[in-house]
Amino acid sequence: MPSNNCCTSESDKNCVTKHGSNAMNNIDALIRQLRFGSPKERIAAAEAVGELGDPRAVPPLLKNLILSDEEEVRIAIVKALGKIGDLQAVPHLIQALRFSQHELRKAIVDTLSNMGDPKTVGMLTRALKDRDENVRKAVAEVLGKIGDRSAVPHLIEALSDHDFYVRQAVAKALANIGDPQAVEPLVQKLEKEWHAPTRISFIDALANFGDPRALTALANRAQSDERARVRKAAAEALRRPIIVHPDAILTSPTPDIHTAQHAVQQLLHEQLQQQLCN
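Residues numbered from 1 in each chain as written. Predicted model: local features only at pLDDT ≥ 70, side-chain atom pairs only at ≥ 80, totals over all residues. Heavy atoms only, no water.

Participant: Can you walk me through the environment of D211 in this structure?
Facilitator: Position of D211 among the secondary structure elements: in the loop between α13 (196–206) and α14 (212–224). D211 sits 31 residues away from P180 along the chain, and the two C-alpha atoms are 7.8 Å apart. (Helix = DSSP H or I, 4+ residues; strand = E, 2+ residues; numbered from the N terminus.)

Participant: Would you take a moment to explain helix α9 (residues 133–146) for this structure?
Facilitator: Each turn of an α-helix holds 3.6 residues, which means side chains three or four residues apart point in the same direction. When the terminal C-alpha atoms of α9 are compared, their 20 Å separation across 14 residues agrees well with the 20 Å that a helix rising 1.5 Å per residue should span. For α9, the complete set of buried residues consists of V135, R136, A138, V139, A140, V142, L143, G144 and I146. Tucked into the core, α9 has its buried residues touching α6 (90–96), α7 (102–114), α8 (118–127), α10 (152–158) and α11 (164–177). Two or three places before N134, at the opening of α9, D132 has a side-chain oxygen 2.7 Å from that residue's backbone nitrogen. (Expected span 1.5 Å × (residues − 1). Buried < 20%, exposed > 50% of the residue type's maximum accessible area, 1.4 Å probe, protein only. Contact = heavy atoms within 4.5 Å. Polar contact = N/O pair within 3.5 Å; in protein donor to acceptor, adjacent residues only side chain to side chain.)

Participant: Is there a simple way to think about the nonpolar core in this case?
Facilitator: Burial of nonpolar side chains together is a common tendency in soluble globular proteins. L155 and L186 are the most contacted members of the largest nonpolar core, which has 85 residues in total. L155 has contacts with L128, A140, L143, V170, A173, L174 and I177, leaving out every residue within four places of it along the chain. (Core = buried A, V, L, I, M, F, W, Y, C linked by side-chain atoms within 4.5 Å.)

Participant: What am I meant to see in the pattern of salt bridges here?
Facilitator: Pairing between side chains becomes possible if they bear opposite charge and their charged atoms approach one another. One pass over the structure, following the stated rule, counts 17 salt bridges. The residue R42 makes a salt bridge to E70 at a minimum N-O spacing of 3.0 Å. With R42 in helix α3 (residues 39–52) and E70 in the loop between α4 (58–67) and α5 (71–84), this residue pair connects regions lying 28 residues apart in the sequence. For E70, a relative accessible area of 27% gives the class partly exposed. In this structure, the salt-bridge partner of R136 is D161, at a minimum N-O distance of 2.6 Å. Within this pair, whereas R136 is found in helix α9, its partner D161 is found in the loop between α10 and α11, the two being separated by 25 residues in sequence. The exposure class of D161 is buried, given its relative accessible area of 11%. When salt bridges with common partners are traced through the structure, they connect E191, R199, R221 and D225 into a single cluster. (Salt bridge = Lys/Arg side-chain N within 4 Å of Asp/Glu carboxyl O.)

Participant: Would you mind showing me how to read the packing of aromatic side chains here?
Facilitator: Each pair of aromatic rings is reported with the distance of its centres and the angle of its planes. The final tally for this structure, using the stated rule, is 2 aromatic pairs. Seen from their ring centres, F164 and Y165 are 4.7 Å apart, and the 55° between their planes marks the pair as tilted. The exposure class of F164 is partly exposed, given its relative accessible area of 23%. Take Y165: its relative accessible area is 48%, and that puts it in the partly exposed class. Between the aromatic rings of F164 and W194, the centroid separation amounts to 6.2 Å while the plane-to-plane angle is 80°, which identifies the pairing as edge-to-face. Note that F164 is positioned in helix α11 and W194 in the loop between α12 (183–192) and α13, a separation of 30 residues in sequence. When its relative accessible area of 61% is taken as the criterion, W194 is described as exposed. Linked through ring pairs, F164, Y165 and W194 together constitute an aromatic cluster. Stacked on the ring of F99, the Lys or Arg R74 has its end atom at 3.9 Å from the ring centre. (Phe/Tyr/Trp six-rings, centres within 6.5 Å; stacked < 30°, edge-to-face > 60°. Lys NZ or Arg CZ within 6 Å of the ring centre and 35° of its normal.)

Participant: Would you take a moment to explain the side chain of R105 for this structure?
Facilitator: With respect to the helices, strands and loops of the structure, R105 is situated in helix α7. One buried charge, R105, has no salt-bridge partner; the nearest side chain with opposite charge is D132, at 7.0 Å. Within the structure, R105 has its side chain in polar contact with the backbone oxygen of F99 (distance 2.8 Å). Contact partners of R105, with chain neighbours within four places excluded, come to L97, F99, S100 and N134. (Lys, Arg positive; Asp, Glu negative; His and termini not counted.)

Participant: Honestly, the side chain of R221 in this entry has me stumped. Any pointers?
Facilitator: Relative to the elements of secondary structure, R221 occurs in helix α14. Exposure remark for R221: the relative accessible area of 11% places this residue in the buried category. Polar contacts involving the side chain of R221 include one to the side chain of D225, which spans 2.6 Å. Contact partners of R221, with chain neighbours within four places excluded, come to L190, E191, R199, I203, R231 and A234.

Set out below in structure tokens:
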């Protein structure tokens, strides 16, 4: 049952946005089109609603996010919710991370990352305990993109998640945030981690910290890890340029970061020389 206000031409978006308050810029008409139009018309309606930025559209947008089957329509709805920026959408977007559609989940992550209000961070940290591992993984990614240090203690706790993909996402998030309080937990988890690809994720994360504890842990992995690919990843991480975090010296037991870096690189050199001689 299409509305009389629905656009059917190939320039649907332009049609939706040009009629002013008399027709398609009316929220009710747009929502009707979003519900009953063709996929192309529904996408155009969602885009127009987002441009209007009216928070009254949030509940019907959320309803249509659930009812729609087409991934493109859902993505348009998510982007519209992001443009409106109403925080009432956040918990619903978090739950929508359960959808299996990859591009949709990516759009939700981007939208939540741009809604980096402290209240948003609080809701996201609670979702790190969600029963769905896809939600936990995506939430960790969002928190890493937002970069709010208040999330760090929750992410450190999530390093113990039973799903290794979640642990990998958490390690990357902690590296993106760059808070040195994450170094020691990452070092400890690296020592205990059974899953080789996840050890590599921890190595990649530690390589982003200019902290002697991280460098020493990388050297130990390069020398003694049971898996060759992990040893290689640690050795390559040690060759990267070191960016010293301003808090690293304050939190490190070694006051001279350059001395620590030199010692670690010397240890790696000796280990590689020994391997060549054997």
